[in-house]
Structures are given as structure tokens and as C-alpha cells.
Amino acid sequence: MKKVVIIVISGVLLGLLGASGYLWYMIRQEKSADLKNIEKPAEKILIEYATWKDPLGITFSYPVDAIIDKHDEDKENYMHVEITSATHSGGLVLWAKDLPKGVTDLLSWAKKETATGSGVMVDTTVNNIDAKKIVLGAQRTRIGVIYDGLLFEIDATFDEKGYWKEVFGTTISSFVFYSIADSNSPSFSETVDEEEVLE
């Protein structure tokens, strides 16, 4: 009888030891898998900026190495500037135009832009002037501001790496209306270099 009890107790202890070893092994595997799935920190990208000065009376920052298309063929809009990159998908498009038919203020513009139900309207400012932001999903955002009777739109298409989100933020924060008659303003072709780090 003592032998049976000893065998049973030994079996139970051996079973517990085996189960403990198995659980320890599984926990180690999960931790190892979690460590493998941790994303490496984003590589720092240095973005050097220049300042665009438009004869229409605005300035904004853009990447020095950007591809700029001023769309001189566009005779309908007062300004139509497209900013893209050879190394990053996406880009920015900036317009200055007359108010579209049926648009009398920012709210009517935003309602027209979100009429299909595809965008979310958010109040914001550009250069301390009331503006509307239309978020069209994770990859696209549009901002509109009315100044001096014109509608200024900034349309951004983002890439997966966050490059254009950073550029968009810098462009919006640097977007300034100035008086064309202001003699202290730099000339149209003058650029001012800035640097920002994208993480």
C-alpha cells in the first residue's frame, strides 16, 4: 500500500513538474514573439525647408527637394501649386480660387465638401484665421480658409511613413498671409532654409 501511495504521489509531482515546465516554455515563447513584433523606432529623416512666396500674398514652407508644379496652364484659379516628391508617395496641392457657386462662408464650403458623407469636418485655424479641416480617411486631409474674398485650399495625400503628414503640419503652421504692398517682405524667389526632424 505504501508503494502505491509513493507511486501516485511521485506521478502527481512528476505531472506537476512537467506541466510547470511546459507553461514556463510557452510563456518564454510568447515573450520572444512579442519582442520580435515590436517595431523598431522610425528612422529619423531630416527635412530641409524653403519658403515659398506667392505674388498673391501668401508664404509657406515646403521641402527643398520637392518637385513643384505651379500649373501655369490653370487659368481658372489664382494659385494652383502642386508639391510632390520623387522618393515619397503622396503630396500637397494648394489653391486660391473664387468662392464656388453656393459657397458663402467656411461652413457652406465644408458642408459642400462633406455632402457625400465621406469626410469629417473639424474647426481649426490657419495663421490665426478661422478655417475648416475636412478629414477624408487616414490618407487624405483638406483645409479651407477664406481670406480677402478668396478660398484658399490645402489638400494633402499622406504616405504610409508619415513624411507628408509632417510636411503638411509644417506647411500649415508656416502659412502666412502678407500685404503685397509690404516692402519688408522677401522677394518671390527668395528662400529661407529650415530643418525639421521627422521621427
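Scroll up for the structure.
A. Quick peek at the pattern of salt bridges. Across all of its chains, the model carries six salt bridges by this definition. Residues arginine 140 and aspartate 155 are paired through a salt bridge, measuring 2.5 Å at the closest nitrogen-oxygen approach. A residue pair is termed long-range when its members are at least 10 positions apart, and arginine 140 in strand β8 (residues 140–147) and aspartate 155 in strand β9 (residues 150–157) qualify at 15 residues. Through salt bridges that share partners, Lys97, Glu113, Arg140, Arg142, Glu153 and Asp155 make up one connected network.

B. Fine view of unusual backbone geometry. Phi at histidine 71 is positive, roughly 45 degrees, even though this residue is not glycine. Within the secondary structure, histidine 71 sits in the loop between β3 (67–69) and β4 (79–84).

C. Layout of the side chain of serine 85. Structurally, serine 85 can be placed in the loop between β4 and β5 (91–98). A relative accessible area of 14% means that serine 85 is categorised as buried. A distance of 3.1 Å separates a polar atom in the side chain of serine 85 from the backbone nitrogen of threonine 87. A distance of 3.3 Å separates a polar side-chain atom of serine 85 from the backbone nitrogen of histidine 88. Those residues in contact with serine 85 that sit more than four places away from it in its chain are Ile67 and Trp164.

D. Structural context of the packing of aromatic side chains. If you walk through the whole model with that rule in mind, you get nine aromatic pairs. The interplanar angle of 75 degrees and the centroid separation of 5.0 Å between the aromatic rings of phenylalanine 152 and phenylalanine 177 together place this pair among those described as edge-to-face. Of the two residues, phenylalanine 152 is situated in strand β9 and phenylalanine 177 in strand β10 (residues 176–177); the sequence distance between them amounts to 25 residues. Classification of phenylalanine 152 by relative accessible area gives buried; the value is 3%. Here the aromatic residues Trp52, Phe60, Tyr62, Tyr147, Phe152, Phe175 and Phe177 are joined through ring pairs into a cluster of three or more. Geometry around tyrosine 178 places lysine 53 over its ring, the cationic atom sitting 4.0 Å from the centre. Geometry around phenylalanine 158 places lysine 165 over its ring, the cationic atom sitting 5.4 Å from the centre.

E. Structural detail: the sheet that holds β9. Strand order across the open sheet formed by seven strands is β3-β4-β5-β9-β8-β7-β6, with antiparallel pairing between neighbours. The open sheet has two edge strands with one neighbour each: β3 and β6 (120–126). Neighbour to neighbour, the strand axes of the sheet diverge by 20 degrees on average, direction disregarded. One ladder, built from eight bridges, connects β5 with β9; its direction is antiparallel. Across the sheet, the residue bridging to leucine 94 is isoleucine 154, located in β9. Across the sheet, helix α3 (residues 163–174) lies against β4, β5, β6, β8 and β9, angled at about 35 degrees from β5, the strand it touches most.

Rules used in this analysis
Residues numbered from 1 in each chain as written. Predicted model: local features only at pLDDT ≥ 70, side-chain atom pairs only at ≥ 80, totals over all residues. Heavy atoms only, no water. Salt bridge = Lys/Arg side-chain N within 4 Å of Asp/Glu carboxyl O. Helix = DSSP H or I, 4+ residues; strand = E, 2+ residues; numbered from the N terminus. Buried < 20%, exposed > 50% of the residue type's maximum accessible area, 1.4 Å probe, protein only. Polar contact = N/O pair within 3.5 Å; in protein donor to acceptor, adjacent residues only side chain to side chain. Contact = heavy atoms within 4.5 Å. Phe/Tyr/Trp six-rings, centres within 6.5 Å; stacked < 30°, edge-to-face > 60°. Lys NZ or Arg CZ within 6 Å of the ring centre and 35° of its normal. Pairing = 2+ DSSP bridges. Axes fitted to C-alpha atoms, helices over the stretch in contact; angles between N-to-C directions.

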